[in-house]
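Working through the structure, step by step
The residues making up each chain are set out below.
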Amino acid sequence: MSGCVFCGIVAGEVPAFRVADEPDGVAFLDTRPVFKGHVLVVPRTHLISLSDLPADALTGYFRLVQRLSVAVETGLGAGGTFVAMNNKVSQSVPHLHTHVVPRTKGDGLRGFFWPRTRYADDAEAQGYADHVAAALSPAAA
């Protein structure tokens, strides 16, 4: 969709720190992460909410989200992950996306009041993206 930043990332027209680029979706670092290594997963097609995702795409999309939740934990040495999705309300970009946020015990995240941070520079962001990508299990055939 014209003007959608996530569609631009999927098409390769907008730069992003990609973690995965697969038929079922594209994953990249959030530019304003809750915690460093915070990944966004988007379907390749422009959809606004979960209800727009075709039934035959659910398995592949959520399998990618599941694999990324493991990769974020493993690749970053996190204690776990927080996986979340907004539908319309609170979507900063009106394109379906799932947040996969690394968590550690005592990290200070409480409820849905998400403090935001920034990467020091592109090299630091790329390092986080590389760690998660390296830990991502292969897609099932």
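Everything below is about the structure printed above this text.
Described in the following lines is the structure provided in the data block. Only a predicted model underlies this, so the values are computations on that prediction, with no experimental measurement involved.

A short note on the overall build of the protein chain
Across its full length, the protein chain carries three helices and five strands. For the protein chain, the N- to C-terminal ordering of α and β elements is α-β-β-β-α-β-β-α. Taken over the C-alpha trace, the protein chain has a radius of gyration of 14 Å; the compact-globule value for 141 residues is 14 Å, and the two agree within 12%. Each principal axis of the C-alpha atoms in the protein chain carries an extent, and together these give about 35 × 35 × 25 Å. Classification of the 141 residues of the protein chain by burial places 42% in the buried group. Put simply, 62% of the contacts in the protein chain that link residues at least 6 apart link residues at least 24 apart. About 7600 Å² of surface is accessible on the protein chain, with carbon and sulfur atoms providing 56% of the total. Side-chain charges in the protein chain split into 12 positive and 13 negative, and the spacing between the mean points of these groups amounts to 8 Å.

A few points about the side chain of Thr98
Within the secondary structure, Thr98 sits in strand 5 (residues 98-103). Its relative accessible area of 2% is what places Thr98 among the buried residues. A polar contact of 2.8 Å, which involves the side chain of Thr98, links it to the side chain of Tyr61. Apart from the residues lying within four places of it in its own chain, the contact partners of Thr98 are Val39, Leu40, Val41, Tyr61, Val65, Val83, Ala84 and Met85.

Describing the pattern of salt bridges
If you walk through the whole model with that rule in mind, you get five salt bridges. The salt bridge involving Asp21 is made with Arg18; its shortest N-O contact spans 2.7 Å. Arg18 gets classed as partly exposed once you look at its relative accessible area, which sits at 26%. We note a salt bridge from Arg44 to Asp21, for which the minimum N-O separation is 2.6 Å. Taken together, the residues span a long stretch of sequence, with Arg44 in the loop between strand 3 (39-42) and helix 2 (55-76) and Asp21 in strand 1 (residues 18-22) at a distance of 23 residues. When its relative accessible area of 44% is taken as the criterion, Asp21 is described as partly exposed.

A look at the nonpolar core
Nonpolar side chains tend to gather and get buried jointly when the protein is soluble and globular. Val19, Ala27, Leu29, Val39, Val41, Leu68 and Val132 are the most contacted members of the largest nonpolar core, which has 21 residues in total. Taken together, the elements giving at least two residues each to this core come down to strand 1, strand 2 (25-29), strand 3, helix 2 and helix 3 (122-135). Broken down by element, this core gets its largest block of residues, six residues, from helix 2. In this structure Leu29 touches Phe17, Val19, Gly37, His38, Val39, Tyr119, Ala125, Tyr128 and Ala129, once residues within four positions along its chain are discounted.

Calculation notes
- Residues numbered from 1 in each chain as written.
- Predicted model: local features only at pLDDT ≥ 70, side-chain atom pairs only at ≥ 80, totals over all residues.
- Heavy atoms only, no water.
- Helix = DSSP H or I, 4+ residues; strand = E, 2+ residues; numbered from the N terminus.
- Rg over C-alpha atoms; globule rule 2.2 N^0.38 Å.
- Buried < 20%, exposed > 50% of the residue type's maximum accessible area, 1.4 Å probe, protein only.
- Contact = heavy atoms within 4.5 Å.
- Areas by Shrake-Rupley, 256 points an atom, 1.4 Å probe, with all protein chains shown as cover.
- Lys, Arg positive; Asp, Glu negative; His and termini not counted.
- Charge placed at Lys NZ, Arg CZ, Asp CG, Glu CD.
- Polar contact = N/O pair within 3.5 Å; in protein donor to acceptor, adjacent residues only side chain to side chain.
- Salt bridge = Lys/Arg side-chain N within 4 Å of Asp/Glu carboxyl O.
- Core = buried A, V, L, I, M, F, W, Y, C linked by side-chain atoms within 4.5 Å.

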